[in-house]
Amino acid sequence: MSKVLLIASGPSVKQVEDYDWIGNGWTIVAINNAWQVTDKWSYWIRPGDFKGNKPEPHTLRNDQKIPKRYSPQLLKFGGQKACGYSITLNAGYWALAELNPSVMGFLGADMNYTPDENGKTHFYGVGYDIKHNKNGLSDPDRMVDMYGKDNPNYLRDIYMRLSDKALEHNGCKVVNFSNDPNTRLPYPKAKPSDFDL
């Protein structure tokens, strides 16, 4: 079984510390700022205009890679518009094309931007998108505003498309490992131990 964990910057990404991912055969793909949460990631996906609170890792291990492009992988699944204008979705399609997993799990991709008691919306503080987008919109909500105005289910639909394509492509199951009760990520909840061999 080929297993891929994609980690994003939501608070639930801290759950990455609660399980021996590498020892249990998972490959970790970090998205945007999530490379800072653990050094156990193998791939780092970010947009070309990425502006993180720490822009990028200074040193890489031999087994760590930063793909230069992910658009060829998106083309295999219909291109950018069909796949969605979200780096989390882009990372999912990239992983599906390049790593051929039989299961993909997500942490920290809840799209829940309710500030915690310290005002943080992400594990590191307030997201760049919320600080700089018009009206403080998060990137997923901005994507809905720009591309899904006529579809009240756009966010769910565009994320479930990845799950559907994963199942078609490689029989791959897509799950959400987050313990956030208010997650908007529409994948079924699971535990990593569900996939222990």
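**A short note on the pairing of strand 4 (residues 103-107)**
Item 1. Strand 4 sits mainly inside the fold: five of its five residues count as buried.
Item 2. In strand 4, alternate side chains face the same way, and those of Val103, Gly105 and Leu107 on one face and Met104 and Phe106 on the other are all buried.
Item 3. Of the pairings in the sheet, the one linking strand 1 (residues 3-7) to strand 4 comprises five bridges and is parallel in character. Paired with Val4 across the two strands is Met104, which belongs to strand 4.
Item 4. Relative to strand 5 (residues 173-176), strand 4 is paired through four bridges, and the arrangement is parallel. Paired with Val103 across the strands is Lys173, a residue of strand 5.

**Here we look at a nonpolar patch on the surface**
Item 1. A surface patch of nonpolar side chains, about 290 Å² in accessible area, is lined by Tyr85, Met146 and Tyr147.
Item 2. Looking at where Tyr147 falls in the secondary structure, it is placed in helix 5 (residues 139-147).

**A short note on helix 3 (residues 87-99)**
Item 1. The terminal C-alpha atoms of helix 3 lie 17 Å apart, and with 13 residues this matches the ideal 18 Å at 1.5 Å per residue to within 8%.
Item 2. Most of helix 3 sits inside the fold, with 12 of its 13 residues counted as buried.
Item 3. All of the buried residues along helix 3 are Ile87, Thr88, Leu89, Asn90, Ala91, Gly92, Tyr93, Trp94, Ala95, Leu96, Ala97 and Leu99.
Item 4. Once helix 3 ends, the next one or two residues include Asn100, with phi positive near 45 degrees.

Cut-offs and rules
Residues numbered from 1 in each chain as written. Predicted model: local features only at pLDDT ≥ 70, side-chain atom pairs only at ≥ 80, totals over all residues. Heavy atoms only, no water. Buried < 20%, exposed > 50% of the residue type's maximum accessible area, 1.4 Å probe, protein only. Helix = DSSP H or I, 4+ residues; strand = E, 2+ residues; numbered from the N terminus. Pairing = 2+ DSSP bridges. Patch = residues over 30% accessible without salt bridge, like charges linked within 9 Å, V, L, I, M, F, W, Y side chains within 5 Å. Areas by Shrake-Rupley, 256 points an atom, 1.4 Å probe, with all protein chains shown as cover. Salt bridge = Lys/Arg side-chain N within 4 Å of Asp/Glu carboxyl O. Expected span 1.5 Å × (residues − 1).

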